Amino acid sequence: MGIANSVQCSWWLLVFMVFLLCNLSHELLESSQYEAIVKIKQLLNFPQDLSSWSDNTDFCNSEPNTALTLMCYEDDITQLHISGYNWFPNLPQGFSTDTLFSNLALLPNLKVLSLVSLGLRGTLPKKIGFLSSLEIVNISSNFFYGEIPGEISYLKSLQTLILDDNKFTGQVPEGVGFLHSLSVLSFKNNSFSGSLPNSLSNLQTLRILSLSGNNFSGEVPNLHHLSNLQVLDLESNNLGPNFPNISTKLVSLVLRKNKFSLGVPKELSSCYQLKKLDISSNELVGPFSPTILSLPSLSYLDISGNKLTGKLLKNVTCSQDLSFVNLSSNYLAGELPACLHPSSGSKSVLFSGNCLSNREQWQHPYSFCHNEALAVSIEPHKGKVKGGNGKAVLASSMVGGFVGVVAIIGLAFVVVRREYAKQKASKAPQTRLILGKISPAHTLKLLSDARYISEKRKLGLLGVPPYRTFVLDELREATNNFDISNLIGASSSGQIYKGQLTDGTAVAIRSMKMRKRLSVQSYTHQLGRISKIRCCHLVSTIGHCFECYQDDSSVSRICLVFEFVPNVTLRRVISEANSAQKFTWTQRMSAAIGIAKGIQFLHTGIVPGVFSNQLKITDVLLDQNFHVKISKYNLPLLIENKKMDTGPSSSGSKGNDGQRLKYEEKDDVYDFGVILLEIILGRTIDTKNDIDVSKDILILSLTADEIARRDIIDPAVQKECSDGSLRTLMELCIRCLSDEPSQCPSVEDLIWNLQFAAQVQDPWNRDTYGNQESPGQV
């Protein structure tokens, strides 16, 4: 009996010890991770105001901020994002990347590591191989130098590797090509050299390969079998001379500024998903195939600065989405296709420096391109070449002498031509050459290396990323797999999520389930219209993404990606009682002008226009500079999706299309009048009764004296507005709210009257405040 009791006690003691050890090991694990994070923050010299949670042992439940974000799963750190965008890292003396990665190695289940713009300096330690759970690594915009350690090949789960904007040198290790889960590989803007590893052709899951801005040379590995590859960016290297062997499923191909010289393969005309093709500034010879212009998805084409030959014809067809074409500085002859003519639409087309018959942009004489074609051994009429070496040398000498004579004549022609052009320029309007610049932002910050025209500067869109196609994985990462914590709005047309791209860009993503199962091509026209809604007074779209059914590749969901405007609504600074700041009269007029210009762009900036937008003051947002942006408008795709769901509209009772558009324009003018009513009175206007009563008050005040008029407006601006400016806005508001559409002003009238009110106000400000700005004036 005693023995049995003793055995039972021993058994319970063993269970207790195991339980104690398990809990102790769990606490030790959590403690080691906590200590590692604290040490990392010390190494990076975090500012005190970004370290408020350092005393909180429950770090997995701490609030994220723009500098540091932790994500955990079952008390293990799985994601670590540290960004220096919003603070200037000042690394301590003796900082060591080796010590940093020694502490990172204490996070055994780390899957995502992002160390961006922190000023990290040193080599990439071999200890990175210890982080075997890593799936995403982004250490861009630092000062890492030296070669990539071969231990990078130990990260067998790695899906994304981004080393952009560092100082890495040497060759890319062959082991990178054995990371079989890799889908994004980006080494932009470093100093890598040598040839690309042939093992890259093994990466069957690769979607994005971006190696621009390095010193790579030699041949590009065979990428033909990489059927998932969508983006290939090799700009600004020394690769060549053979054109890369690529998959026909590419979406973006950028080979600009290399040494490719042996012609463009015919297979390029089979890349039906290609949206962007930039092979400019190489030494490519041979014929240019006009069929490339008709690729169905192509929107951007640049072949300038090569030696491409061939004859263009007027009846060549072009892609409907084609918006930028640069054929300059080649040896093309014939006639510019009608679909590329400047009068054919909103396309930006450059074609100078060829031998085309079109003279809107400067051209060489036809003989120049003919002789240059001979010089590069591309004969217009092929014939069999017979005879020995002597004949070949003789022929070469004759051609060389002929080309020399042509060069002298050509030089004289150029001088005469320039003088003629100068004289002609003073008599006739010049064709506008639209200059672009390279700016990176594609999937995972890799699709925005496109050149964009100076129209963006005119529209005030320099801060808005260029429009592009996203992939679903990128948006899932941006929203934490569309987590409900990122949901910022919902309606019958779908949900809106806040997200952050890997380059730090904040975005708003509208997710819409499609009513019917249609192909991708069915939506290209509407998305083309949406991509053109780019105005400084609108929250602009910056891209889209398709999610498709697996059985027939029809579209199940479309995500529209918008710029994210982080500030408040216009109502907050106009009529909310608890607002810490109220707009001045000058700011209110500026906001009203901005809204009117936004409406004007929706009506006339794209064809056909966007009407009946049901505008509300809560749909008008303010950016960080307190400029207005309309966030909600009648997106063409939403209209189409509703039509699919409800069938044809019966709203045709208003008459013909012209009459219908007239009424739809007045709808937006009426809505603007309601917003203007709230701007003037400084109180919320939400119901039809609010509108009618407030409108009557305005009508009565116009018959009263100036003191009575000031008494009815927002007290915050009673002393700031001139009576002339106030009367103009009141009269305009009453006209906008007229029950008779024919009495409503046009959008152009709105803008003219608003600008007139601002002009009337300006002398009053100077008389009242002298050379100083009025209170709160922007």
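Because the structure is predicted, anything quoted here is derived from the model rather than measured.

Asks: Report on the sheet that holds strand β10 (residues 191–194), specifying residues and quantitative values.
Replies: In sheet architecture, strand pairing relies on hydrogen bonds along the backbone and comes in two forms, parallel and antiparallel. One open sheet holds the 6 strands; their spatial order is β4-β6-β8-β10-β12-β14, and the pairing between them is parallel. The open sheet is flanked by β4 (121–123) and β14 (238–239), the only strands paired with a single partner. As paired strands, strand β8 (residues 167–170) and β10 are joined by 2 bridges and run parallel to one another. Bridging from a neighbouring strand, Gly-170 pairs with Phe-192 of β10.

Asks: Outline the packing of helix α11 (residues 688–703) against helix α13 (residues 723–736), listing residues and values.
Replies: Following both chains from N to C, one finds α11 and α13 inclined at 135°, their axes separated by 10 Å at the closest point. Taken together, the axes of α11 and α13 lie oblique to each other. Relative to α13, the crossing made by α11 is left-handed. On α13, the residues touching Lys-695, Leu-698, Ile-699, Ser-701 and Leu-702 of α11 are Arg-727, Met-730, Glu-731, Cys-733 and Ile-734. Broken down by class, the residue content of the contact of α11 with α13 amounts to 6 nonpolar, 1 polar and 3 charged.

Asks: Talk me through α13; I want residue IDs and the actual numbers.
Replies: Compared with the 20 Å implied by 1.5 Å per residue over 14 residues, the 20 Å span of α13 between its first and last C-alpha is a close match. Within α13, 10 of the 14 residues are buried, leaving the element largely enclosed by the surrounding structure. Buried residues of α13: Asp-723, Ser-725, Leu-726, Thr-728, Leu-729, Met-730, Leu-732, Cys-733, Ile-734 and Cys-736, and no others.

Asks: Can you lay out the packing of aromatic side chains for me, pointing to particular residues and giving the numbers?
Replies: By the definition in use, this model includes 11 aromatic pairs. With centroids separated by 4.8 Å and ring planes inclined at 15°, the aromatic side chains of Tyr-300 and Phe-324 adopt a geometry described as stacked. Placement of the pair is Tyr-300 in strand β18 (residues 300–302) and Phe-324 in strand β20 (residues 324–326), with a sequence separation of 24 residues. By relative accessible area, Tyr-300 is classed as buried at 6%. Judged by its relative accessible area of 5%, Phe-324 is buried.

Asks: Pulling in residues and values, what's your account of the pattern of salt bridges?
Replies: Per the counting criterion, the structure on display carries 20 salt bridges. One salt bridge in this structure joins Glu-235 and Arg-256, with 3.6 Å as the shortest N-O distance. Residue Glu-235 is found in the loop between β13 (231–233) and β14, and its partner Arg-256 is found in the loop between β15 (252–254) and β16 (276–278); the two are separated by 21 residues along the sequence. According to the relative accessible area criterion, Arg-256 is buried, its value standing at 12%. A salt bridge links Glu-563 to Lys-629; the shortest N-O distance between them is 3.2 Å. Taken together, the residues span a long stretch of sequence, with Glu-563 in strand β31 (residues 555–563) and Lys-629 in strand β33 (residues 628–630) at a distance of 66 residues. If you follow the salt bridges from partner to partner, you end up with Arg-207, Asp-473, Arg-476, Glu-547 and Arg-557 in one network.

Calculation rules
- Residues numbered from 1 in each chain as written.
- Predicted model: local features only at pLDDT ≥ 70, side-chain atom pairs only at ≥ 80, totals over all residues.
- Heavy atoms only, no water.
- Pairing = 2+ DSSP bridges.
- Helix = DSSP H or I, 4+ residues; strand = E, 2+ residues; numbered from the N terminus.
- Axes fitted to C-alpha atoms, helices over the stretch in contact; angles between N-to-C directions.
- Parallel < 35°, antiparallel > 145°, perpendicular 65-115°, else oblique.
- Left-handed = near helix turned anticlockwise from the far one by under 90°.
- Contact = heavy atoms within 4.5 Å.
- Nonpolar A, V, L, I, M, F, W, Y, C, P; charged D, E, K, R; others polar.
- Expected span 1.5 Å × (residues − 1).
- Buried < 20%, exposed > 50% of the residue type's maximum accessible area, 1.4 Å probe, protein only.
- Phe/Tyr/Trp six-rings, centres within 6.5 Å; stacked < 30°, edge-to-face > 60°.
- Salt bridge = Lys/Arg side-chain N within 4 Å of Asp/Glu carboxyl O.

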